[in-house]
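Tertiary structure, described
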Amino acid sequence: MAEKHFKYVIIGGGVAAGYAAREFAKQGVKPGELAIISKEAVAPYERPALSKAYLFPEGAARLPGFHVCVGSGGERLLPEWYTEKGIELILSTEIVKADLASKTLISAAGATFKYDILVIATGSSVIKLSDFGVQGADAKNIFYLREIDDADKLVEVIKAKKDGKVVIVGGGYIGLELGATMKINNLDVIMVYPEPWCMPRLFTADLAAFYEGYYAKKGIKIIKGTVAVGFDADANGEVKAVKLKDGRVLDADIVVVGVGGRPLTTLFKGQVEEEKGGIKTDGFFKTSVPDVYAIGDVATFPMKLFNDMRRVEHVDHARKSAEQAVKAIKGSEEGKSIDEYDYLPYFYSRSFDLSWQFYGDNVGDTVFFGDSDLESTQPKFGSYWIKDGKIVGAFLEAGTPEENKAIAKVARLQPLVQNLDELAKVGLTFAFNI
Ligand code: FDA
Ligand code: NAD
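Residues numbered from 1 in each chain as written. Chains lettered and ligands numbered in written order. Predicted model: local features only at pLDDT ≥ 70, side-chain atom pairs only at ≥ 80, totals over all residues.

**Things to note about the UniProt feature "domain: FAD/NAD(P)-binding" (unreviewed entry) in the chain**
- Within this structure's numbering, the places UniProt gives as "domain: FAD/NAD(P)-binding" (unreviewed entry) are residues 6-322.
- Secondary structure content for residues 6-322 is 21% helix and 28% strand, and the end C-alpha separation is 19 Å. (UniProt positions renumbered as here; feature names shortened; annotations may be inferred. Helix = DSSP H or I, 4+ residues; strand = E, 2+ residues; numbered from the N terminus.)

Right, dumping it as structure tokens:
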């Protein structure tokens, strides 16, 4: 089979790949120099849409509406854009072998790609219940959500099982966002997760209490402190029931599982240094192998602000790490130096008419502020995280753009706080006065 050579190859065609392509175009690439090789059949798009507007019963988001870079207010890169720039989009092509020593990639169909510089942007894969041997986990209508094909399957089953029962397994991002979209589709929703409250990797008990209360008011039932240990299927192999560890059995026509992701580093195992489950990089997203960069979910990079190595599985970092890596690549070719990555973590989520943002680090003591009364007409509340006397993280539900900017500033500047009771009283005003 033919062998192709490119100066730059991006492996993966998700968020980071799309933003990297835009930056390459901005910095100047000649036609034929850059290729994106993606397992997916479509040009890079804003993945967050898949668990939100893509699943709406009305006015659903569809491609080409949400190709990158619309999610950050940028130009929408349609497939034609890549053609115009001479960037080769090699779609529906999974790389199954990577040999970093000989700078060679091999696809499932047997095609060979050679590169001078490689950018790894393979993102994450979902953790499956079958990975832990959960009985019956391969029944039909048990779904995971990572790529657009997965979202299309959900759209189909929502239509097929009108007014049906959905069990959501997992209380993290996917669990909360899918719980909401399934309810918006008028399905009967039960959420099950092992922890004492939802989104435990970020939420405090106070924050979680509001969201759980809000979901309950929407008619979503929540079962905490237990896990799914098995599934029953009918004669067609379609899931019918979810068996819980505590002995309960839940009827189900659809099961959606969101029990975490795993960075896709398998292709490079043993060839590149890893740390904290990801590919170790420097502040320019260079890996331990010359001419190989890693960006987005797969990169474990120096988080200057916390003097620590971190991996971040969120879209803002996917975008910014991509831009940083490309600037570094082009800069080193031109003998120009650029500043090290200095990232302020930013996570967000939206469901129903709720919308929160978080900046910084969620470690240390917490101070809750604001109004989280479910009966209020416009609840607005948040939390600060305080470590060594300094605010290191800030969360806000229902913030205006100015308010969100203010909490981002607090998390970046890490001001000292003397009195936590006073901080709880002044709440958001503290951020505005920084
Ligand atoms: P991404 O997953 O976007 O792309 C990886 C690409 O690599 C895919 O196209 C994949 O097919 C391809 N690939 C992998 N292996 C390959 C191989 N061997 N050969 C070829 N191609 C290969 N974050 C946030 O901050 N706010 C939000 O609201 C959301 N919402 C959200 C919803 C859903 C449903 C998901 C799954 C994720 C989010 N996220 C999010 C997380 C965010 O989308 C995620 O962090 C970024 O997409 C990461 O970008 P990457 O480019 O690293 O991976
Ligand atoms: P997650 O890590 O956010 O949540 C996983 C959850 O799974 C845990 O909170 C726990 O409740 C639950 N869990 C773990 N083991 C379980 C078990 N055996 N049975 C039942 N529940 C179990 O992961 P996710 O929600 O699957 O999200 C996957 C990826 O997609 C992550 O990288 C996430 O950052 C990303 N994502 C992000 C957003 C966002 O930022 N708004 C939205 C959707 C997805």
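**So, the confidence of the model for the chain**
- Averaged over all residues, the pLDDT of the chain equals 98, while 100% of them reach at least 70.
- Here the complex is predicted with pTM 0.98, and the ipTM for its interfaces comes to 0.98. (pLDDT = per-residue confidence, 0-100.)

**As for the pairing of strand β9 (residues 165-169)**
- Among the 5 residues of β9, 4 are classified as buried, and the element is accordingly described as predominantly covered.
- Sheet topology note: the β9/strand β10 (residues 188-193) ladder contains 5 bridges and is parallel. When the bridges of β10 are listed, Lys165 appears paired with Asp188.
- With helix α4 (residues 173-184) bridging β9 and its parallel neighbour β10, the resulting β-α-β unit is right-handed.
- Pairing of β9 with strand β15 (residues 254-257), which is carried by 4 bridges, proceeds in the parallel orientation. Bridge pairing in β15 places Ile168 opposite Val256. (Buried ≥ 20, exposed ≤ 12 C-beta atoms within 10 Å, placed from the backbone. Pairing = 2+ DSSP bridges. Right-handed = clockwise from strand over helix to strand, strands pointing away.)

**Section: the site of ligand 1**
- Taken together, 36 residues surround ligand 1, and among them Gly12, Gly14, Ala16, Gly123 and Gly296 come closest.
- Within the residue set of the shell around ligand 1, elements represented by two or more residues are α1 (15-27), α6 (315-333) and β22 (346-351).
- Of the residues that constitute the shell around ligand 1, the class distribution is 16 nonpolar, 11 polar and 9 charged.
- Structurally, the shell around ligand 1 is a two-domain feature, drawing no fewer than three residues from each of domain 1 (3-125 + 262-333) and domain 2 (129-259). (Near = placed C-beta within 6 Å. Nonpolar A, V, L, I, M, F, W, Y, C, P; charged D, E, K, R; others polar. Domains from an automatic or database assignment.)

**Comments concerning the site of ligand 2**
- Around ligand 2 lies a shell of 25 residues, among which Gly172, Tyr173, Ile174, Gly258 and Glu313 are the nearest.
- At the level of elements, α4 and β22 are the ones that each hand at least two residues to the shell around ligand 2.
- The leading source of residues in the shell around ligand 2 is α4, at 4 residues.

**Remarks on the sheet that holds strand β20 (residues 299-303)**
- If you walk across this open sheet you meet the 4 strands as β17-β18-β20-β21, and the pairing is mixed. Each edge of the open sheet is held by one strand with a lone partner, namely β17 (274-275) and β21 (308-311).
- Summarising the sheet, β20 and β21 pair through 4 bridges and their orientation is antiparallel. Residue Phe301 lies in a different strand from β21, and its bridge partner there is Arg310.

**What about the domain arrangement of the chain?**
- What the domain assignment lists for the chain is domain 1 (3-125 + 262-333), domain 2 (129-259) and domain 3 (353-432).
- For domain 1 and domain 3, the distance between their C-alpha centres works out to 33 Å.

**Digging into the packing of α1 against α6**
- At their nearest, the axes of α1 and α6 sit 8 Å apart, and the two run at 35° to each other. In terms of crossing hand, the pair formed by α1 and α6 is right-handed. Contact residues: α1 offers Val15, Ala16, Tyr19, Ala20, Glu23, Phe24 and Gln27, while α6 offers Val315, Ala318, Arg319, Ser321, Ala322, Glu323, Ala325, Val326, Lys327 and Lys330.
- Grouping the amino acids of the contact of α1 with α6 by side-chain chemistry returns 10 nonpolar, 2 polar and 5 charged. (Axes fitted to C-alpha atoms, helices over the stretch in contact; angles between N-to-C directions. Left-handed = near helix turned anticlockwise from the far one by under 90°. Contact = placed C-beta atoms within 7 Å.)

**Let's talk about the environment of Ala160**
- By secondary structure assignment, the location of Ala160 is in helix α3 (residues 148-160).
- The sequence separation of Ala160 and Leu145 amounts to 15 residues, and the corresponding C-alpha distance is 18 Å.

**Notes on the sheet that holds strand β14 (residues 249-251)**
- The strand order across the open sheet formed by 3 strands is β12-β13-β14, and the pairing between neighbours is antiparallel. The sheet terminates laterally at β12 (228-233) and β14, the two strands that pair on one side only. When strand polarity is set aside, the average angle formed by the axes of neighbouring strands in this sheet is 25°.
- Where strand β13 (residues 239-244) meets β14, 3 bridges bridge the pair, whose relative direction is antiparallel. Across the sheet, the residue bridging to Ala241 is Asp251, located in β14.

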